[in-house]
Amino acid sequence: MRRCLSPVLCAVVLTVAVPAAAQDPNCPPGAWFCEETEVQAPPSAAPAAPPTEAAPAQPPAKTPSGRGAVVLQPENRAAPPPVVVYQPVPNGPPPQVIIVSPGARARAVYPVPPPPPKRNVWRREWGLNLRLQGLVLEREGGAEDAGMGGIGLGLRYRPVPHFAIEGGIDLIGGTDYNGFERAEIPLSLNGIFYVNPRSKVQFYLMGGIHGAWAKVRSDTYSPLLTHNDTQNTWDDGFEQEYSYFGGQGGIGLEFRLSRRVALNIDGVAFMRSRTDDGELPEYVNKETGETTNTSGGGLIRGGITFWW
């Protein structure tokens, strides 16, 4: 009886084991049972960063048995941006701006410096000065009605901010110190030094030389004049002509209304001597009787200058 059951039991065991081994070729020969399992990917050590571009979905790979699935992670991942530490440096250069974008290399962007402030570049100027002026006369010992004034014209050239050269001509008339009717034409050459040339109100010093021609006349006799005997009559009056050479100096203010227009006021003192060959003196001191051909005085002038 024992011999009969052994073949039957062996047949049953082989019937169950053979199909299981045929279903799974990975099971080793003679295994009693192969369990169906799912293979999973090991967890990543570092946290995954979002990729720069979305990768297309990949179908799960099948195991050789056809039943398990392995999920594959994308290998191309963008590296995390570097850590930027900013520490200001006292009295240091302007800081650098670091721009970091995913998937790109870090680059340094230097700040653009602001443009330098505009500076006014000096340009050589020409100026035309028109002026009114009054002559300051000494009252002691002079005529009570003495007073003179006139107009003038000056052409100025200013090559540098602090200095200008002016050539001028003036016409002055009135009653002079001796009480004679006088007409005088001075020609002058001056240098003008501007103390603060970039201000709207500019203070200046001036000085130079001049030459002048004058003619005086009177209807009454004077030992200082000669008879005008053009028509051999005494009704023509008495007259005299003079010529002078001397120097002058003064101070003034120029008010710049704009770049092209300026007002000015100044005071000028002068001293001169006669250069003609006249035999009669020009001035006589009534108290001492002394005579002289040297004279001086002052001018107060105000005008307007057009610059270009």
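Procedures and definitions
Residues numbered from 1 in each chain as written. Predicted model: local features only at pLDDT ≥ 70, side-chain atom pairs only at ≥ 80, totals over all residues. Heavy atoms only, no water. pLDDT = per-residue confidence, 0-100. Helix = DSSP H or I, 4+ residues; strand = E, 2+ residues; numbered from the N terminus. Contact = heavy atoms within 4.5 Å. Salt bridge = Lys/Arg side-chain N within 4 Å of Asp/Glu carboxyl O. Buried < 20%, exposed > 50% of the residue type's maximum accessible area, 1.4 Å probe, protein only. Phe/Tyr/Trp six-rings, centres within 6.5 Å; stacked < 30°, edge-to-face > 60°.

Let's talk about the confidence of the model for the protein
Consideration 1: Of the residues in the protein, 62% have a pLDDT of 70 or more, and the chain-wide mean is 77.
Consideration 2: For the protein, strand β2 (residues 69-70) is the element with the lowest average pLDDT, namely 47, and strand β8 (residues 181-194) is the one with the highest, namely 97.
Consideration 3: Confidence drops under a pLDDT of 50 for residues 1-5, and excluding neighbours within four residues, the segment shows zero contacts in the predicted structure.
Consideration 4: The model gives residues 16-23 a pLDDT under 50, and that stretch makes two contacts with residues more than four places away or in other chains.

Focus on the pattern of salt bridges
Consideration 1: For the structure shown, the criterion picks out 14 salt bridges.
Consideration 2: Measuring nitrogen to oxygen at the nearest pair gives 3.4 Å for the salt bridge that ties E166 to R131. Of the two residues, E166 is situated in strand β7 (residues 163-175) and R131 in strand β5 (residues 125-136); the sequence distance between them amounts to 35 residues.
Consideration 3: Judged by its relative accessible area of 0%, E166 is buried.
Consideration 4: One salt bridge in this structure joins R156 and E166, with 2.8 Å as the shortest N-O distance. Of the two residues, R156 sits in strand β6 (residues 147-160) while E166 sits in strand β7, which places them ten residues apart along the sequence. The pair formed by R156 and E166 is uniform in burial state, with each residue classed as buried.
Consideration 5: One salt-bridge network, held together by shared partners, links E125, R131, R156, E166, D170, E254 and R256.

Concerning the packing of aromatic side chains
Consideration 1: If you walk through the whole model with that rule in mind, you get five aromatic pairs.
Consideration 2: Aromatic side chains Y177 and Y283 sit 6.0 Å apart centroid to centroid with 70° between the ring planes, which places their arrangement in the edge-to-face category. Of this pair, Y177 sits in the loop between β7 and β8 while Y283 sits in strand β13 (residues 283-284); the two residues are 106 residues apart in sequence, bridging distant segments of the chain.
Consideration 3: Of the residues examined, Y283 reaches a relative accessible area of 14% and is grouped as buried.
Consideration 4: An angle of 55° between the planes, with centres 5.7 Å apart, marks the rings of Y194 and Y204 as tilted. Of this pair, Y194 sits in strand β8 while Y204 is found in strand β9 (residues 201-218), placing the two residues ten residues apart along the sequence. Assigned by exposure class, Y194 and Y204 land together as buried.

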